[in-house]
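Each chain, letter by letter, is given below.
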Amino acid sequence: AMGTVAAGSQEINDPFRDPALESLRGKKIAYLPISIGFDLAQAWGGVVKQQSQVYGMEFSSQDPNWNTDAMAQGFTALLAEQPDVIVTQNPDMQSLARLMKQANAAGIVVVQLNMAGAVQTDAVVAPDFIGMGEQIAQKVIEKCGAGTDTSHKVSIVQGVLTGGVSFYQVQGINKVFAEHPEINVVSSQAADWDASKARAITETVLQQHPDICAVIDVWDGQGVGTGAAIKQAGLSDKVFFITSG
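For clarity, every value in this text was computed on a predicted model and none was experimentally measured. (Residues numbered from 1 in each chain as written. Predicted model: local features only at pLDDT ≥ 70, side-chain atom pairs only at ≥ 80, totals over all residues. Heavy atoms only, no water.)

Undergrad: For this particular structure, what's the right way to read the sheet that holds strand β2 (residues 58-61)?
TA: Sheets are built from strands paired through backbone hydrogen bonds, the pairs being either parallel or antiparallel. The strand order β2-β1-β3-β4-β5 describes an open sheet built from 5 strands, whose pairing is parallel. Both outer strands of the open sheet, β2 and β5 (123-125), are each paired with one neighbouring strand and no more. Taking the axes of each pair of neighbouring strands and ignoring which way they run, one obtains an average angle of 20° across the sheet. In the sheet, strand β4 (residues 109-113) pairs with β5 via 3 bridges, with the strands oriented parallel. In the sheet register, Val 111 faces β5, and the bridge partner there is Ala 123. (Pairing = 2+ DSSP bridges. Helix = DSSP H or I, 4+ residues; strand = E, 2+ residues; numbered from the N terminus. Axes fitted to C-alpha atoms, helices over the stretch in contact; angles between N-to-C directions.)

Undergrad: Would you take a moment to explain the side chain of Thr 226 for this structure?
TA: With respect to the helices and strands, the residue Thr 226 is situated in helix α9 (residues 220-232). Residues within four places of Thr 226 in sequence aside, it is in contact with Val 157, Ala 198, Arg 199, Thr 202, Val 215, Asp 217 and Phe 241. (Contact = heavy atoms within 4.5 Å.)

Undergrad: Help me understand the nonpolar core in this model?
TA: Soluble, globular proteins show a tendency: their nonpolar side chains are buried together. Core analysis: the biggest nonpolar cluster contains 48 residues, and Phe 75, Val 87, Ala 103, Val 140, Val 154, Phe 177 and Ile 216 have the highest contact counts within it. Not counting residues within four places of it along the chain, the set of residues in contact with Val 140 comprises Gly 145, Val 154, Phe 177, Ala 214, Ile 216, Phe 240 and Ile 242. In terms of nonpolar packing, the next biggest core, distinct from the first, is built from 11 residues, Val 205, Ile 212, Val 215 and Ile 230 among them. (Core = buried A, V, L, I, M, F, W, Y, C linked by side-chain atoms within 4.5 Å. Buried < 20%, exposed > 50% of the residue type's maximum accessible area, 1.4 Å probe, protein only.)

Undergrad: I keep staring at the state of the cysteines and nothing clicks. Help me out?
TA: By definition, a disulfide is the covalent link that joins the sulfur atoms of two cysteine residues. Taken as a whole and judged by the stated rule, the model has 1 disulfide. Residue pairing for Cys 144: its cysteine sulfur links by disulfide to Cys 213, the two sulfurs lying 2.0 Å apart. Looking along the S-S bond of the Cys 144-Cys 213 disulfide, the torsion reads about -90°, which is the left-handed sense. Of this pair, Cys 144 sits in helix α6 (residues 129-144) while Cys 213 sits in the loop between α8 (195-208) and β8 (214-217), and the two are 69 residues apart along the sequence. (Disulfide = S-S within 2.5 Å.)

Undergrad: I tried to follow the layout of surface pockets on my own but got confused; where do I start?
TA: The volume enclosed by the largest pocket comes to roughly 250 Å³. If you trace the largest pocket, you find 20 residues lining it, with Leu 40, Trp 44, Asn 114, Phe 129 and Val 165 closest to the centre. Where the lining of the largest pocket is concerned, the elements lending two or more residues are α3 (39-54) and α6. Looking at the lining of the largest pocket residue by residue, the classes come out as 16 nonpolar, 4 polar and no charged. (1 Å grid on protein atoms, 1.4 Å probe; cavity = no way out; pocket = protein on both sides within 12 Å on 5 of 7 lines; lining within 4 Å. Points joined across faces, edges and corners; volume = space filled by probe spheres on them. Nonpolar A, V, L, I, M, F, W, Y, C, P; charged D, E, K, R; others polar.)

Undergrad: What am I meant to see in the packing of α8 against α9 here?
TA: Packed helix pairs are characterised by how far apart their axes lie and by the angle those axes make with each other. Viewed as axis vectors pointing N to C, α8 and α9 meet at an angle of 35°, and their least axial separation amounts to 7 Å. For the pair α8 and α9, the sense of crossing is right-handed. Note on element contacts: α9 touches α8 through Gly 221, Gln 222, Gly 225, Thr 226, Ala 228, Ala 229, Ile 230 and Gln 232, opposite Ala 195, Ala 198, Arg 199, Thr 202, Glu 203 and Leu 206. Here the contact of α8 with α9 is built from residues that sort into 6 nonpolar, 6 polar and 2 charged. (Left-handed = near helix turned anticlockwise from the far one by under 90°.)

Undergrad: Even after reading the chapter, I still don't get the sheet that holds strand β9 (residues 240-243), so can you show me in this structure?
TA: The sheet built from 4 strands is open, its strands ordered β7-β6-β8-β9 with parallel pairing. The open sheet is flanked by β7 (184-190) and β9, the only strands paired with a single partner. On average, each strand axis in the sheet is tilted by 15° relative to the strand beside it, whichever way the strands run. The sheet contact formed by β8 and β9 spans 4 bridges and is parallel. Paired with Ala 214 across the two strands is Phe 240, which belongs to β9. Relative to the sheet, α6 contacts β6 (153-158), β8 and β9, its axis offset from that of β9 by approximately 175°.

Undergrad: Mind showing me how you'd approach the pairing of β6 here?
TA: Side chains on a regular strand alternate between the two faces of the sheet. Within β6, 6 of the 6 residues are buried, which leaves the element mostly enclosed by the surrounding structure. On β6, burial covers both faces: Lys 153, Ser 155 and Val 157 on one face and Val 154, Ile 156 and Gln 158 on the other are all buried. Of the pairings in the sheet, the one linking β6 to β7 comprises 6 bridges and is parallel in character. Counted as the bridge partner of Lys 153 is Asn 184 from β7. One ladder, built from 4 bridges, connects β6 with β8; its direction is parallel. Looking at the pairing, Ser 155 lines up with Val 215 of β8.

Undergrad: Which parts of the structure should I look at to understand the environment of Leu 24?
TA: Inspection of the secondary structure puts Leu 24 in helix α2 (residues 17-24). Taking C-alpha positions, Leu 24 is 6.9 Å from Gly 56, a pair spaced 32 residues apart along the chain. In this view, Leu 24 contacts Tyr 55, Gly 56 and Met 57; residues no more than four positions away in its chain are not counted.

Spelled out as structure tokens, the structure:
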């Protein structure tokens, strides 16, 4: 009896596999990040391209090179080309909202990658940035909160103010800090994902507040500049620097 069951089970095929593979074959997938010229976007795009080849899909990509207008123009061009799937990374909460709704209305599947916008599409693939902000703030509390022999001063270097990575992380950070009135946020400025701007902002903050306890940068790409400013000021062993990426 056992032999009969085993032999029979070998003849059972997955009834869903072939239809799924066939539904992907020949479909067109377009990749539109805010820029292809940085490590994360290259990694994401590389995997999407690789998997599209595995499943017989046609892959294309565009590089707006951090230009929001160019990104909107690229998305508009994709609406005319009618790919089956658009994988895009929102530069901010609103810039692509209308275009994504148009794409969905036209039957194009829209996947928001890394940074979610203000409208709901078929899927969002991204970290929990609010939770990440809460974790970052908790680590700052450990270093600079009540009971620590510090100034309790903190600086936040944001990215683009309405960019999902920055917007939601800062929400999480502020939520935790609201429960710790001893924390004094002396600066919260936008560096627009630019390491040189992050460095200039932090240099000024350190000059104004040499006793600062911690500096938060919402993305390690621009945090390179923030960290360089702290190091140049000779405060690497005194200022707690935390970032994410």
